[in-house]
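In case you want the letters, here they are:
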Amino acid sequence: MAQKNKLNNQKNFMTTIQSFWFADALKKEKNIKINKLNKNLHTDICIVGGGYTGLWTALKIKEKNPSTSLIIIEKDLCGSGASGRNGGCMIPQSTKFLAMKKIVGVKDAKRMVKASEDAVYNIRDFCIQNNIDAKIKIDGVVYAATNKFHEGAFENLIEELKKNKINNWERLSKEKIQELTGSKRNIDGYHSAIGGSLQPALLIRGLKKIAEKKGIKIFEHSAMLSYQENKNIIVKTKNGSVECKKLIVAINAWTPSFFPFLSRSVILVSSDMIISEPIKDKLENIRLTNGLVILDSNLFTHYCRTTTDDRIILGKGGNTFAFNNKVIPSFDGPSTIESFLKKSLVSFFPSLKNVKITKSWNGPSERTKTGFPFFGYHPKNSNILYGFGYSGNGVLTCYVGGEILSSMALNEQNDWTQSNFCKGPLKLFPPEPFRWFGAIIIRNAVRRKERAEDRNQQPWWFDQKLAKLATSVGRVDYSKN
Ligand SMILES: Cc1cc2nc3c(=O)[nH]c(=O)nc-3n(C[C@H](O)[C@H](O)[C@H](O)COP(=O)(O)OP(=O)(O)OC[C@H]3O[C@@H](n4cnc5c(N)ncnc54)[C@H](O)[C@@H]3O)c2cc1C
């Protein structure tokens, strides 16, 4: 059930405050003023969706071409989607290099890896320059093996990354990985210093504030209901409209409902999370006090990190699949697998057994068949642009998405606009009902396979075959090159 909460400092509006992060970020904003669209306006570019994609795109356009007028409309509050509720794990796209190389070619794949790694520092620098305290910690990323089947999982990947001179991963000894991650369950693994964590909602609310300062008009509680195409494009909301030359649709999980031509390009699945109470002493005991991101090597990885206020979070994707890619109410509720997540937390860190969970939540994560995002133009109107499909890896990649969509919107002829990332979806899922049923069958096979592996038992042959069908939707591509 959707949790509707009333903000303390605002009398007359209701909004979805779903995640711990979002509530925390809104509490820190002294006076939240909601600007609703209730008139008819004109602008050069209208962006629909106030998440990272929408905000980074707007900021990039303003930076490149300050005279462009921009309006963002958001159906709820900026950050009420995935951008205000994700794990805040900054994970570059290097783990998808093998798949990307095969599908978009080595040049484009290298550019994406490099750009997503640069995004770690670009986001940090932007926050420093603009006084956004998003609690950024660049303490690296670890992919750990929790059983013998996952040992050495990155060897092919690293070989290819090295061949292309873009490798930043290093294999660590069992002792080192256990010391770094504070968990005896991890028996092997890889570390990259390029990555880390942040408070996701503080970042998005900070971007909103800076965008407004730069003259970008933002209207919240103003959903796009439809649009009309005349000489210009007219975006309609309940009480107003925006006439624009270009429309950028940055609505992430809601895109397939709005653009049926993209309905087979993604599959919507929950990512579920828990966050603990502050446990400074306990984290110090396991020496886990930095913002290191720790992931296991499952298809839908467990992701885990600590926060600057001494909490620990743990999340996992791949639980609830939405039929027909509709954003269902359960995506706005608490996690339905909270007790499973708590068990996972304790299995990694037995000393956290009695730790209280402050909050659980989930949200829709759109996985593409390729495992990486795509950008494109509406097939019937090249003045309408879209970009999504970050496949659970959007914190850094949305920054790159902003670079790509801004280039497309400004008609720049550059390496991005000419790349294969800008050709719309490159692979499709089957239509419904096959997609949903297939997803459930494969999800269950993946679960059985991973449970067997964690018991160090050989998974069933059939489950291995089924699980292979899903390898691309995970955060890492383990395929042979
Ligand atoms: C629980 C969870 C955990 C995650 N963890 C991580 C992580 O640790 N690391 C990582 O890299 N990635 C993670 N991700 C993915 C990442 O959060 C997303 O890829 C990223 O935030 C996408 O940003 P976006 O701007 O494209 O979409 P969103 O942030 O979802 O923004 C889209 C916006 O569009 C608005 N909208 C929708 N329809 C309309 C309409 N008709 N009119 C106006 N506005 C509309 C929505 O309200 C929303 O605010 C996670 C995702 C989830 C759900």
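Residues numbered from 1 in each chain as written. Predicted model: local features only at pLDDT ≥ 70, side-chain atom pairs only at ≥ 80, totals over all residues.

**Focus on the overall build of the protein chain**
Working step 1: A tally of helices and strands in the protein chain yields 13 helices and 20 strands.
Working step 2: Relative to the 2.2 N^0.38 estimate, which gives 23 Å for 481 residues, the radius of gyration of the protein chain is 21 Å and therefore close to what a compact globule would have.
Working step 3: The principal-axis extent of the C-alpha atoms belonging to the protein chain is close to 65 × 50 × 45 Å.
Working step 4: Evaluated residue by residue, the protein chain yields a buried proportion of 53% over its 481 residues.
Working step 5: A separation threshold of at least 6 residues defines the contact pool for the protein chain, and within that pool the share at least 24 residues apart is 75%. (Helix = DSSP H or I, 4+ residues; strand = E, 2+ residues; numbered from the N terminus. Rg over C-alpha atoms; globule rule 2.2 N^0.38 Å. Buried ≥ 20, exposed ≤ 12 C-beta atoms within 10 Å, placed from the backbone. Contact = placed C-beta atoms within 7 Å.)

**A look at helix α4 (residues 106-129)**
Note that an α-helix has 3.6 residues per turn; residues three or four places apart therefore point the same way.
Working step 1: Relative to the 34 Å expected for 24 residues at 1.5 Å per residue, α4 spans 34 Å between its end C-alpha atoms, a close match to the ideal helical length.
Working step 2: At Ala-119, α4 shows its maximal bend, which comes to roughly 30°.
Working step 3: Listed as buried for α4 are Ala-109, Met-112, Val-113, Ala-115, Ser-116, Glu-117, Ala-119, Val-120, Ile-123 and Cys-127.
Working step 4: Turning to α4, the residues buried within the fold contact β5 (89-90), α3 (97-104), β9 (196-197), α7 (200-213) and α11 (394-409).
Working step 5: Directly after α4, the chain includes Asn-131, whose backbone phi takes a positive value near 60°. (Expected span 1.5 Å × (residues − 1). Bend = angle between axes of the 7 residues up to and from the residue.)

**Examining the sheet that holds strand β18 (residues 357-368)**
Working step 1: The strand order across the open sheet formed by eight strands is β7-β8-β6-β15-β16-β17-β14-β18, and the pairing between neighbours is mixed. Both outer strands of the open sheet, β7 (169-172) and β18, are each paired with one neighbouring strand and no more. Strand-to-strand twist of the sheet, defined as the mean angle between neighbouring strand axes without regard to direction, takes the value 25°.
Working step 2: Direction of pairing for strand β16 (residues 302-306) relative to strand β17 (residues 312-321): antiparallel, over a ladder of five bridges. In the sheet register, Tyr-303 faces β17, and the bridge partner there is Gly-315.
Working step 3: Each of β14 (266-276) and β17 is contacted by helix α12 (residues 434-454), which is oriented at about 130° to β17, the strand it contacts most. (Pairing = 2+ DSSP bridges. Axes fitted to C-alpha atoms, helices over the stretch in contact; angles between N-to-C directions.)

**Quick look at the confidence of the model for the protein chain**
Working step 1: Averaged over all residues, the pLDDT of the protein chain is 93; the fraction at 70 or higher stands at 94%.
Working step 2: Across residues 1-14 the pLDDT falls below 50, and counting only partners more than four positions away or on other chains, this stretch makes 22 contacts in the model. (pLDDT = per-residue confidence, 0-100.)

**Quick notes on the pairing of strand β6 (residues 141-145)**
Working step 1: Taken across its five residues, β6 has five buried, putting it largely inside the fold.
Working step 2: Here β6 shows a buried face lined by Val-141, Tyr-143 and Ala-145 and a second buried face lined by Val-142 and Ala-144.

**What to know about unusual backbone geometry**
Working step 1: Following Glu-432, the chain continues to Pro-433 via a peptide bond in cis, the omega torsion being 5°.
Working step 2: With respect to the helices and strands, Pro-433 occurs in the loop between α11 and α12.
Working step 3: Phi angles above zero are rare outside glycine, and Lys-135 is one such case at about 55°.
Working step 4: For Ser-391, which is not a glycine, the phi torsion comes out positive at approximately 55°.
Working step 5: Assignment of secondary structure puts Ser-391 in the loop between β20 (381-388) and α11.

**Comments concerning the packing of α3 against α4**
Working step 1: Where α3 meets α4, the closest approach of the two axes is 7 Å, and the angle between their N-to-C directions is 140°. Judged by the inter-axis angle, α3 sits oblique to α4. In this structure, the crossing between α3 and α4 has a hand that is right-handed. Facing α3, whose interface residues are Phe-97, Met-100, Lys-101 and Val-104, α4 presents Val-106, Asp-108, Ala-109, Met-112 and Val-113.
Working step 2: Looking at the contact of α3 with α4 residue by residue, the classes come out as seven nonpolar, no polar and two charged. (Parallel < 35°, antiparallel > 145°, perpendicular 65-115°, else oblique. Left-handed = near helix turned anticlockwise from the far one by under 90°. Nonpolar A, V, L, I, M, F, W, Y, C, P; charged D, E, K, R; others polar.)

**What about the site of the ligand?**
Working step 1: Lining the immediate surroundings of the ligand are 43 residues, of which Gly-51, Gly-81, Gly-87, Gly-363 and Gly-394 lie closest.
Working step 2: Secondary-structure elements contributing two or more residues to the shell around the ligand are α2 (52-64), β14, β18 and α11.
Working step 3: Grouping the constituent residues of the shell around the ligand by class yields 19 nonpolar, 20 polar and four charged. (Near = placed C-beta within 6 Å.)

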